Amino acid sequence: MLCQFSFHNFRSYKSETTFDFQAATLPEFKDTLITQDKASDLLPVAVVYGPNGGGKSNLLEALACLISTVARPVHELGKNRQQYIFQQKTEAVPFLYDHESASSPTEFRIYFRIENNEYCYYISLKDEEVISESLYRKIIGAKRSATIFEREGSTIELGYTLSKERGINTAVNPKMPYVSFLAINYDIPEINEVLYWFESCIVQNYAHPMVEHRIMLSDDDKFKQNLLKALHDMDIDIVDYRYDEETKRLFTQRQIGEQKVELPFQEESEGTRKIIAALPILLMALAQGRLVIIDELDAKLHPKLLRYVIFLFKDKKINQHGAQLLFTSHDMYTLKNTVFRRDEIWFAAENAKHESEIYSLYEIRNEDNERVKNTAAYDKQYMEGRYGADPYLSNMLGGEFE
C-alpha cells in the first residue's frame, strides 16, 4: 500500500513535491480507510483535479517513472515475481524552464507498506544513470529503520540484512537500479517483497485509444460472474461474452426476449468499451490489493459509472486487501462531499513560472484561516475558483499559491 510519494525536478515540477495517501484526522468516511494496528490509516482513493497543462498527468507520470525504472529491468529479463501490467516506459525528464534544473538530477522517494513492514526507497537519476539510491525498512511499531543498502555513485554500502548474505556483488551498471540488480540475481526475502510491490502497481492512461483494445478477459467462471455482476450493477445488460479464436474478435451477448444476440465489441459505445477494458484490471486490483494509477479515468465514462468505480475501492466489504486507486479527473459530478473525504481530493496547477504545485482540499484555508468544511459544495466552490486550480482559461496560469 502506498503511504507517501515525493519527487523533485520532474517535468513541470521543479520543487520538491509530496503526495500523501496517509489519512488526516477527519470525521468523514472513517469506515472506508485502510487500517492496521500501530500504523497510520491510509486512503483507498485519491483524485487529482486541475486545468489542462496544470500538472495532473505529470504527477502520475512521476510515480509511473519510478515504478517503471525499478520493475521494467526485472520484467525484461523474465525475473518478475507476478504479472506486471504497465502501459509504457516513462523517462525521468527534468524541469526544462530553468538551466540549473535542466542539468540536475531527478529525485524520487517513496514510502510503502507490505504487511508488517514499511519501506522507504530513494533514487536519483540523471541522463538515465543512477546518481544515488537507498532502501530502508522499518517494522511497523518499531522506532528505528534498518538500512538495506545505500548507494552513492559507484559506491554501494550494504546493511546488515544484505551483508550477512555472502557473495553479494556491489559492482553494477550505472544505468541499473541496485534494487533491480538484486532482484534479478539473488533470492533475498526483503528484495523480493519490494519488487513484488512495485510489480503490483498498475499504470493506465485511458485517454489513449489503444487501451480499449487491451482487454484482460478470462473464461474462468468466478472471474466472469464478478465482471458480469459489476456490469449489471452499472445497468449494462451484457449477459455473456465470447472471444472468437479464428477471427480474433470479441463479442458481447445480450438477452433479447428468448434469444441471445451477439454484438462485435467494436460496435459497443465508447463508454461501454472503456468500462469493459477497465473493469478486469480494477477487479484484479481489488482481489489482490494492488495500487491502480489511471490518467483520465473519467474520459468517455458516464459520471454514474465513475462513482460506482470509486465506491468499489471505498467499500471495505469489497476492498478487503487494501487496494488503492489514484486517478485524474475533470468530472464535477463526483467532486462532492458525498463521494470524497477532503484529503482524498487534490489539485494541480501551474504558477506564473510554469512550475506545477499540488495541494489537497484539506490543506486549503479561507480568509479566516479556517479549513474548507466537509459540508461545503466542493464542485461549486471549485468552479468559482476558490481552490486555486480553477478550470477557467483566464485563471489557468494565474498567480502564486497560498
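## Overview of the overall build of the protein
When helices and strands are counted, the protein shows nine helices and 16 strands. Since a compact globule built from 402 residues should have a radius of gyration of about 21 Å, the 22 Å found for the protein is in line with a globular shape. Every one of the 402 residues in the protein was classed for burial, and the buried ones make up 52%. Here the contacts in the protein between residues at least 6 apart in sequence split such that 62% fall between residues at least 24 apart. As displayed, the protein offers around 19,200 Å² of accessible surface, 47% of which is attributable to carbon and sulfur atoms. Positive and negative side-chain charges in the protein, numbering 47 and 61 respectively, have mean positions lying 3 Å apart.

## Section: helix α4 (residues 178–185)
Quick reminder: α-helices carry 3.6 residues per turn. Residues three or four places apart thus point the same way. Of all eight residues making up α4, seven are buried, and the element is well covered by its neighbours. Looking only at α4, the buried set comprises Tyr 178, Val 179, Ser 180, Phe 181, Leu 182, Ala 183 and Ile 184.

## A closer look at the packing of aromatic side chains
In this structure the tally under the stated criterion is 20 aromatic pairs. Each ring, one from Trp 197 and one from Phe 198, has its centre 5.3 Å from the other, and the planes form 80°; the classification is edge-to-face. A relative accessible area of 7% places Trp 197 in the buried class. A relative accessible area of 0% places Phe 198 in the buried class. Positioned over the ring face of Tyr 241 is Lys 224, at 4.7 Å from the centre of the ring. The ring of Tyr 362 is capped by Arg 371, whose NZ or CZ atom sits 4.0 Å from the centre of that ring.

## Notes on the pattern of salt bridges
Two side chains with opposite charge may pair up if their charged atoms get near one another. What the rule picks out here adds up to 19 salt bridges. We note a salt bridge from Arg 254 to Asp 237, for which the minimum N-O separation is 2.8 Å. With a gap of 17 residues between them, Arg 254 in strand β11 (residues 249–256) and Asp 237 in the loop between α6 (221–233) and β10 (238–244) connect regions that are remote in the sequence. Judged by relative accessible area, which is 46%, Asp 237 ranks as partly exposed. Among the ionic pairs, Lys 336 bridges to Asp 379, the shortest N-O distance being 2.7 Å. Placement of Lys 336 in the loop between β14 (324–328) and β15 (345–350) and of Asp 379 in helix α9 (residues 378–383) is noted, with a sequence separation of 43 residues between them. Lys 336 sits in the partly exposed class, given a relative accessible area of 27%.

## Description of the pairing of strand β12 (residues 259–264)
The two faces of the sheet receive side chains in turn, since in a regular strand these alternate between them. As paired elements, β11 and β12 share six bridges and run antiparallel to each other. Paired with Thr 252 across the bridge in β12 is Leu 263. Where β11 folds back onto β12 in an antiparallel hairpin, the turn is made up of two residues, including Gly 257, whose phi is positive at roughly 65°.

## Some words on the sheet that holds β15
Across the sheet, which stays open at both edges, the six strands sit in the order β9-β13-β14-β3-β15-β16 with mixed pairing between neighbours. Of all strands in the sheet, those bounded by a partner on one side alone are β9 (202–205) and β16 (356–360). For this sheet, the mean inter-axis angle between neighbouring strands, taken without regard to orientation, is 15°. Across four bridges, the pairing between strand β3 (residues 45–49) and β14 is parallel. What sits directly across from Ala 46, in β14, is Leu 326. Along the sheet, helix α1 (residues 56–76) contacts β3, β9, β13 (291–295), β14, β15 and β16; its crossing angle with β13, the most-contacted strand, is approximately 140°. In the packing of helix α7 (residues 270–288) onto the sheet, contacts are made with β9, β13 and β14, and the angle to β9 comes to roughly 155°.

## Points about the sheet that holds β10
One open sheet accounts for three strands, arranged β10-β11-β12; its pairing is antiparallel. Edge positions in the sheet fall to β10 and β12, since each of these pairs with one other strand and no more. Neighbour-to-neighbour, the strand axes of this sheet turn through a mean angle of 30°, independent of strand direction. Relative to β11, β10 is paired through six bridges, and the arrangement is antiparallel. Each bridged residue has a counterpart across the sheet, and for Tyr 241 the counterpart in β11 is Thr 252.

## A closer look at the nonpolar core
Ranked by internal contacts, the top residues of the largest apolar core, which has 60 residues, are Phe 108, Ile 110, Tyr 121 and Phe 198. Looking at this core element by element, the count peaks at eleven residues for α1. By size, the runner-up hydrophobic cluster in this structure holds 53 residues, among which are Leu 283, Leu 297, Leu 312 and Phe 340.

## Thoughts on the pairing of strand β6 (residues 129–139)
With ten bridges joining them, strand β5 (residues 117–126) and β6 adopt antiparallel strand pairing. Across the sheet, residue Ile 123 finds its bridge partner in β6, namely Glu 133. A loop of two residues connects β5 with β6, the two strands running antiparallel in sequence, and Asp 127 in this loop sits at a positive phi of about 55°.

Cut-offs and rules
- Residues numbered from 1 in each chain as written.
- Predicted model: local features only at pLDDT ≥ 70, side-chain atom pairs only at ≥ 80, totals over all residues.
- Heavy atoms only, no water.
- Helix = DSSP H or I, 4+ residues; strand = E, 2+ residues; numbered from the N terminus.
- Rg over C-alpha atoms; globule rule 2.2 N^0.38 Å.
- Buried < 20%, exposed > 50% of the residue type's maximum accessible area, 1.4 Å probe, protein only.
- Contact = heavy atoms within 4.5 Å.
- Areas by Shrake-Rupley, 256 points an atom, 1.4 Å probe, with all protein chains shown as cover.
- Lys, Arg positive; Asp, Glu negative; His and termini not counted.
- Charge placed at Lys NZ, Arg CZ, Asp CG, Glu CD.
- Phe/Tyr/Trp six-rings, centres within 6.5 Å; stacked < 30°, edge-to-face > 60°.
- Lys NZ or Arg CZ within 6 Å of the ring centre and 35° of its normal.
- Salt bridge = Lys/Arg side-chain N within 4 Å of Asp/Glu carboxyl O.
- Pairing = 2+ DSSP bridges.
- Axes fitted to C-alpha atoms, helices over the stretch in contact; angles between N-to-C directions.
- Core = buried A, V, L, I, M, F, W, Y, C linked by side-chain atoms within 4.5 Å.

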